[in-house]
Amino acid sequence: MISKPDRVVLIGVAGDSGCGKSTFLRRLTDLFGEDFVTVICLDDYHSLDRKQRKETGITALDPRANNFDLMYEQMKALKSGEKINKPIYNHETGLLDPPEIVEPNHIIVIEGLHPLYDERVRNLLDFSVYLDISDEVKIAWKIQRDMAERGHTYEDVLAQINARKPDFEAYIDPQKGFADVVVQVLPTQLIKNDQERKVLRVQMIQRDEVEGFEPAYLFDEGSEIHWTPCGRKLTCSYPGIKMYYGPDSYYGHSVSILEVDGQFDKLEEVIYIEQHLSKTSAKHNGELTELLLKHREYPGSNNGTGLFQVLVGLKMRATYERIIAKEKVAVSA
């Protein structure tokens, strides 16, 4: 039985549909335990149902289709240790169902299109991450899925993507400028003119000077590192693996960037990379690799996507433990 929380830690996970939020959330619940974490999908704060959106031409990405006042009031209440009557958006019917009671928990994760959009909600967050898929990868993935699994034509898929694009660029994409960490999935640079998008280049963009957050780094903090780890200790088939670490600027903020381009042939060997990373927030040598191996079937486990999702999870755990420790000191003082 999980005890009642003395302090609710609020985490925001932002990104477009199909960007890997579901997999990342599974990794989080694996790390903390299902009873310790409550996940709230912000689709529940739609103020317009599917029929109303169709009639008005307002998409779910548009802030006008969402009730940010209620979202703020309820997230504030949860963080204060109060239960809420959370609305429910029914994805099957497209209608708003009667609300449900949600009790405060040790960790509340709000995930969806807009966790970082409203400044009031954003200021309640203790940690935030934005999962970002580049247009090239997003289009390739959606085409492969929708044409193979749903029988859509290439033209249909492109039309759906283009219809969402203006609202995505206006309301969703800018939120990554507020995130503590952005996990960005890009086309590989190891294969010339690659169209399959099976091999990926993944970046973990970490904001510097965030209170209590220590960016992970490769070899030497603050340096620019280009590393090709393939060899006797890391098995790499074509096109191999390249890693990068270095300082940069992102949305006007100083950041540290970790990058993995390529995929791992043997997940067990990721321990070799882990041993060259510092400030991972792992509790023992090899924990990062162990967590990755625990669910090797999760999408992205064999490339930088899984590696950085696990690493972000460890950073979230460190944030939680730091906040709880700080609270205990304040109480005992």
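For the structure given in this document, a descriptive report is provided here. Note that the structure is a prediction, hence the values are computed from the model and not measured.

1. A few points about the state of the cysteines
Consideration 1: Summed over all chains, the structure comprises one disulfide.
Consideration 2: The disulfide that involves C230 links it to C236, with 2.4 Å between the sulfurs. Measuring the twist about the S-S bond at about -85 degrees, one finds the C230-C236 disulfide to be left-handed.

2. As for the pattern of salt bridges
Consideration 1: All told, the structure shown has 18 salt bridges when counted by the stated rule.
Consideration 2: Linking D62 and R64 is a salt bridge whose minimum nitrogen-to-oxygen distance equals 2.9 Å.
Consideration 3: Judged by its relative accessible area of 4%, D62 falls in the buried class.
Consideration 4: Residues K279 and E221 are paired through a salt bridge, measuring 3.4 Å at the closest nitrogen-oxygen approach. Of this pair, K279 sits in the loop between β13 (277-278) and α8 (287-294) while E221 sits in the loop between β9 (217-218) and β10 (225-227), placing them 58 residues apart in sequence.
Consideration 5: The exposure class assigned to E221 is partly exposed, which follows from its relative accessible area of 44%.
Consideration 6: One salt-bridge network, held together by shared partners, links R7, K79 and D126.

Reading the values: the criteria
- Residues numbered from 1 in each chain as written.
- Predicted model: local features only at pLDDT ≥ 70, side-chain atom pairs only at ≥ 80, totals over all residues.
- Heavy atoms only, no water.
- Disulfide = S-S within 2.5 Å.
- Salt bridge = Lys/Arg side-chain N within 4 Å of Asp/Glu carboxyl O.
- Buried < 20%, exposed > 50% of the residue type's maximum accessible area, 1.4 Å probe, protein only.
- Helix = DSSP H or I, 4+ residues; strand = E, 2+ residues; numbered from the N terminus.

Taken by themselves, the reported measurements are silent on function.
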